[in-house]
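Below, each chain spelled out in residue letters.
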Amino acid sequence: MSSSGQPTSTLSPAEPGSGRAGQAKPALYIISGPSGSGKSTITARLAAAGKAVFSVSYTTRKCHHSEREGIDYRFVSEPRFKQLQSNGELLESALVHGNWYGTSRADINDFLAKGKNVMLEIDVKGAEQVRTCGLPCTSIFILPPSPEELLARLAGRQREEDEQIRMRLANARQEVQAIADFEFFIINRDIDQAVQDIAGIIDNRDRSHNLANQQELIEKWQQWARK
Ligand code: 5GP
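Definitions and limits used
- Residue numbers here run from 1 along each chain, matching the order of that chain's written sequence.
- In view of the model being predicted, local features appear only for residues whose pLDDT reaches at least 70, and side-chain atom pairs are presented and counted only at 80 or more, with totals across whole chains, interfaces and linings using the full set of residues.
- Only hydrogens and water are removed before side-chain values are computed, so all heavy atoms of the structure are retained for them.
- Note on geometry: axes are C-alpha line fits, over the in-contact stretch for helices, and angles between N-to-C directions span 0 to 180 degrees.
- Only runs of H or I of at least four residues qualify as helices and only runs of E of at least two qualify as strands under DSSP, and these elements are numbered from the N terminus.
- Angles are sorted into four bins: roughly parallel if under 35 degrees, roughly antiparallel if over 145, roughly perpendicular if 65 to 115, and oblique for all others.
- Each crossing gets its handedness from the near helix: less than a right angle anticlockwise from the far helix is left-handed, clockwise is right-handed.
- Whether two residues are in contact is decided by their heavy atoms: any pair within 4.5 Å suffices.
- Just so you know the grouping, Ala, Val, Leu, Ile, Met, Phe, Trp, Tyr, Cys and Pro go in nonpolar, Asp, Glu, Lys and Arg go in charged, and all remaining residues, Gly too, go in polar.
- Only heavy atoms are used to decide nearness, and a residue is near a molecule or strand if one of them lies within 4 Å of it.
- Two N or O atoms form a polar contact when they lie within 3.5 Å of each other; inside protein one atom must be a possible hydrogen donor and the other a possible acceptor, and for residues adjacent in sequence the pair counts only when both atoms belong to side chains.
- Only the protein chains shown count as cover for residues, and all accessible areas are computed by the Shrake-Rupley method using a 1.4 Å probe.
- Only centres within 6.5 Å qualify two rings of Phe, Tyr or Trp (six-membered ring in Trp) as a pair; their planes then separate them into stacked at under 30 degrees, edge-to-face at over 60, and tilted for everything else.
- Burial classification: accessible surface area is computed with a 1.4 Å probe over protein chains only, and a residue below 20% of its type maximum counts as buried, one above 50% as exposed, and the rest as partly exposed.
- Geometrically, a charge over a ring is one whose NZ (Lys) or CZ (Arg) sits within 6 Å of the ring centre while staying within 35 degrees of the ring normal.
- Whether two strands pair comes down to DSSP finding at least two bridges between them.

Is there a simple way to think about the packing of helix H5 (residues 147–156) against helix H6 (residues 162–176) in this case?
Each pair of packed helices gets described by two things: the angle between the helix axes and the distance between those axes. One way to put it is that H5 packs onto H6 with a least axis distance of 10 Å and a crossing angle of 150°. Looking at the two axes, H5 sits roughly antiparallel to H6. Regarding H5 and H6, the two cross each other, and that crossing is right-handed. Each of Leu-150, Leu-151, Leu-154 and Ala-155 in H5 lies in contact with H6, whose residues at this interface are Ile-165, Arg-168, Leu-169 and Ala-172. Across the contact of H5 with H6, the residue classes tally to seven nonpolar, no polar and one charged.

I keep staring at the site of the ligand and nothing clicks. Help me out?
Near the ligand lie 17 residues; those nearest to it are Ser-57, Arg-61, Tyr-73, Tyr-101 and Asp-123. Glu-92 is positioned such that a nitrogen or oxygen atom in its side chain is 2.8 Å from a nitrogen atom of the ligand. Between an oxygen atom of the ligand and a side-chain N or O atom of Arg-168, the distance comes to 2.9 Å. Protein chains shield 95% of the accessible area of the ligand, which is 510 Å² for the free molecule. At the level of elements, strand E5 (90–96) and strand E6 (99–104) are the ones that each hand at least two residues to the shell around the ligand.

It is not clear to me how the packing of aromatic side chains should be interpreted in this structure. Could you clarify?
How two aromatic rings sit relative to each other is set out by the distance from centre to centre and by the angle between their planes. Inspection of the entire model under this criterion finds five aromatic pairs. Here Tyr-73 and Phe-75 contribute two aromatic rings whose centre-to-centre distance is 5.8 Å and whose plane-to-plane angle is 65°, an arrangement assigned as edge-to-face. This pair shows no difference in class: Tyr-73 is buried, exactly as Phe-75 is. Each member of the aromatic cluster is reached from another via a ring pair, and the members are Tyr-73, Phe-75 and Tyr-101. Lying across the ring of Phe-182, Arg-131 places its NZ or CZ 4.5 Å from the centre.

Even after reading the chapter, I still don't get the sheet that holds E5, so can you show me in this structure?
To summarise the sheet geometry, strands pair through backbone hydrogen bonds and adopt either a parallel or an antiparallel arrangement. Spatial strand order, E4-E3-E6-E5: four strands in an open sheet with mixed pairing. Two strands in the sheet have a free side with no partner beyond their single neighbour: strand E4 (74–75) and E5. The pairing of strand E3 (residues 58–59) with E4 spans two bridges and is parallel. Within E4, the residue paired with Tyr-58 across the bridge is Arg-74.

Explain the pairing of strand E8 (residues 137–143) here, please?
As a general feature of sheets, a regular strand has side chains that alternate between the two faces. Burial analysis of E8 places seven of its seven residues in the buried class, the great majority of the element. Burial along E8 is two-sided: Cys-137, Ser-139, Phe-141 and Leu-143 facing one way and Thr-138, Ile-140 and Ile-142 facing the other are all buried. Sheet topology places strand E1 (residues 28–32) next to E8; five bridges connect them, and they run parallel. Residue Leu-28 lies in a different strand from E8, and its bridge partner there is Cys-137.

Hey, could you run me through the pairing of strand E7 (residues 118–121) in this one?
Going residue by residue along E7, you find Val-118 and Leu-120 tucked away on one face and Met-119 and Glu-121 tucked away on the opposite face as well. Inspection of the sheet shows E1 paired to E7 by four bridges, in the parallel sense. Looking at the pairing, Ile-31 lines up with Glu-121 of E7.

It is not clear to me how the sheet that holds E1 should be interpreted in this structure. Could you clarify?
If you walk across this open sheet you meet the five strands as E2-E7-E1-E8-E9, and the pairing is parallel. Taken across any chain shown, the strands that pair with only one partner, and hence form the sheet edges, are strand E2 (53–54) and strand E9 (184–187). Strand direction decides the pairing type here: E8 and E9, joined by four bridges, are parallel. When the sheet's bridge partners are listed, Phe-141 is paired in E9 with Phe-185. Its contacts with the sheet place helix H3 (residues 105–113) against E1, E2 and E7, and it is angled at close to 155° to E7.

Structure below.
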């Protein structure tokens, strides 16, 4: 973050969400990975650099004091969420860590119609629903360098109670088991590098992070997830 609280970026700014000039079609970019993988910081940087716009999800979870309504999430009651679901207003939805989360169908249609690439920071159950919804999409899974680092990041956030941290860790094991369903795999060792890597994927100029190139590393994480 910069001193003004705005995310800093090593990428040059562009028209929001337009991706690379002359790029063929706007698409959805699914960004998944366990809590503590750094997804939020990465998507904020990519949005600031104009690589893609961020889809603001609905959630029934409580708002943390650091979060802003309509920017980080749209915080709604459970009855309101159920209504959005039954009206077909959500492109996907899932129960994650005991709370509901979902993506606005209208927002996505609007962004794509305006030619913008869109990032969806969603869990693996939501990712599966988006993959099968018929819209053009690319899916990217993010992890920290090691399981130890994941635990340290979760514990270091001081945002959640111990019980929440345990739940998020158990959930991380389940999420890691879904890696094989993704097209790209990014290790967030260095935030600037991770941002550059995903920008390369959005610009369609870098396929080095596809799953096939990283089988050994993926197997290590999957072993951890099966423990
Ligand atoms: P958090 O409560 O830490 O902000 O998010 C918890 C989890 O919910 C994260 O894995 C995040 O990716 C996921 N999530 C956030 N928004 C959505 C959404 O709209 N749909 C789905 N399926 N998952 C979401």
